[in-house]
Amino acid sequence: MYDTSLRLLAVLGMGKIPDRLRAKLEAAGATSTSTGRVALHRVLVEEAIDHAPKTFPLHGRGPARTIKVGETSVHFVTGGAAVQTLHGAMRAYRASTLTDLHDFTRLQDTLLNVSWLTRSCIAIDLADESTLDAQTA
């Protein structure tokens, strides 16, 4: 997987990146392809990995919620932003709702093996993104 990832970054590169990031990557040794993508060569990626911090804090809402990433620690995170939820009893998918988001968040908050969570589903029963963001908060 590692070698394939490095090959994809070198051959396909990244597309649709901000101009400021493109300039920084090119200054560091990346190249633009004929299709406008930015190719990250193996040596560039491996140098970045070598210089990256091996541990860092992922700050929570308070010191008790802050976790240390790196070394031998293993942390699980939720995520997904699913627009559909599997209804267990009916064995069928349906649109995700605010109630689903609330219930999933409560569940994730009680699971000791989940280190932090992100919004796991999108409550499509809400009128707009602003309302979704406010309800998620």
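Computed from a predicted model, the values in this text were never measured in an experiment.

## Concerning the side chain of Thr-78
Along the polypeptide, Thr-78 turns up in the loop between strand 4 (67-70) and strand 5 (84-87). Once residues lying within four places of it in the same chain are set aside, the contact partners of Thr-78 are Gln-108, Val-114, Trp-116, Leu-117 and Thr-118.

## Notes on the pattern of salt bridges
Counted under the stated rule, the structure contains seven salt bridges. Here Asp-100 ties to Arg-94 by a salt bridge, and the two come within 2.7 Å at their closest N and O atoms. Judged by relative accessible area, which is 7%, Asp-100 ranks as buried. Ionic pairing is found between Asp-133 and Arg-119, a salt bridge with its closest N-O pair at 3.1 Å. Here Asp-133 is found in helix 5 (residues 129-136), whereas its partner Arg-119 is found in the loop between helix 4 (98-110) and helix 5, with 14 residues between them in sequence. With relative accessibility at 28%, the residue Arg-119 sits in the partly exposed group.

## With respect to unusual backbone geometry
Of note in this structure, Glu-71 is not a glycine but carries a positive phi near 55°. Mapped onto the elements, Glu-71 comes out in the loop between strand 4 and strand 5. A relative accessible area of 60% places Glu-71 in the exposed class. One non-glycine residue, Ala-81, lies in the positive phi region at around 60°. For Ala-81, the position within the fold is in the loop between strand 4 and strand 5. A relative accessible area of 37% places Ala-81 in the partly exposed class.

## What to know about the pairing of strand 6 (residues 92-95)
Strand direction decides the pairing type here: strand 5 and strand 6, joined by four bridges, are antiparallel. Residue Gln-84 lies in a different strand from strand 6, and its bridge partner there is Ala-95. Connecting strand 5 to the next strand, strand 6, in antiparallel fashion are four residues, including Arg-91 with a positive phi near 55°.

## Observations concerning the nonpolar core
By size, the foremost hydrophobic cluster in this structure holds eight residues: Leu-6, Ile-17, Leu-25, Ala-30, Val-38, Leu-40, Leu-44 and Val-45. Other than its neighbours up to four places away in sequence, Leu-6 contacts Leu-40, Arg-42, Val-45 and Glu-46. Ranked by size, the runner-up nonpolar core spans six residues in total, among them Leu-101, Cys-121, Ile-122 and Ala-123.

Rules used throughout
- In this numbering scheme, every chain counts its residues from 1 along its sequence in written order.
- A pLDDT threshold of at least 70 governs which residues receive local features in this predicted model, and a stricter bar of 80 or more applies before side-chain atom pairs are shown or counted, although totals over entire chains, interfaces and linings include all residues.
- Where side-chain values are given, they derive from all heavy atoms of the structure, hydrogens and water being excluded.
- Only DSSP runs of H or I reaching four residues or more are called helices, and only runs of E reaching two or more are called strands; each is numbered from the N terminus.
- Contact definition: two residues touch when any of their heavy atoms are within 4.5 Å.
- Any Lys or Arg side-chain nitrogen located within 4 Å of an Asp or Glu carboxyl oxygen qualifies as a salt bridge.
- Accessibility here uses a 1.4 Å probe with only protein chains present; expressed as a share of the type maximum, an area under 20% marks a residue as buried, one over 50% as exposed, and anything in between as partly exposed.
- Two strands qualify as a pair provided DSSP detects at least 2 bridges between them.
- Only buried residues count toward a nonpolar core. Its members are Ala, Val, Leu, Ile, Met, Phe, Trp, Tyr and Cys residues joined through side-chain atoms within 4.5 Å.

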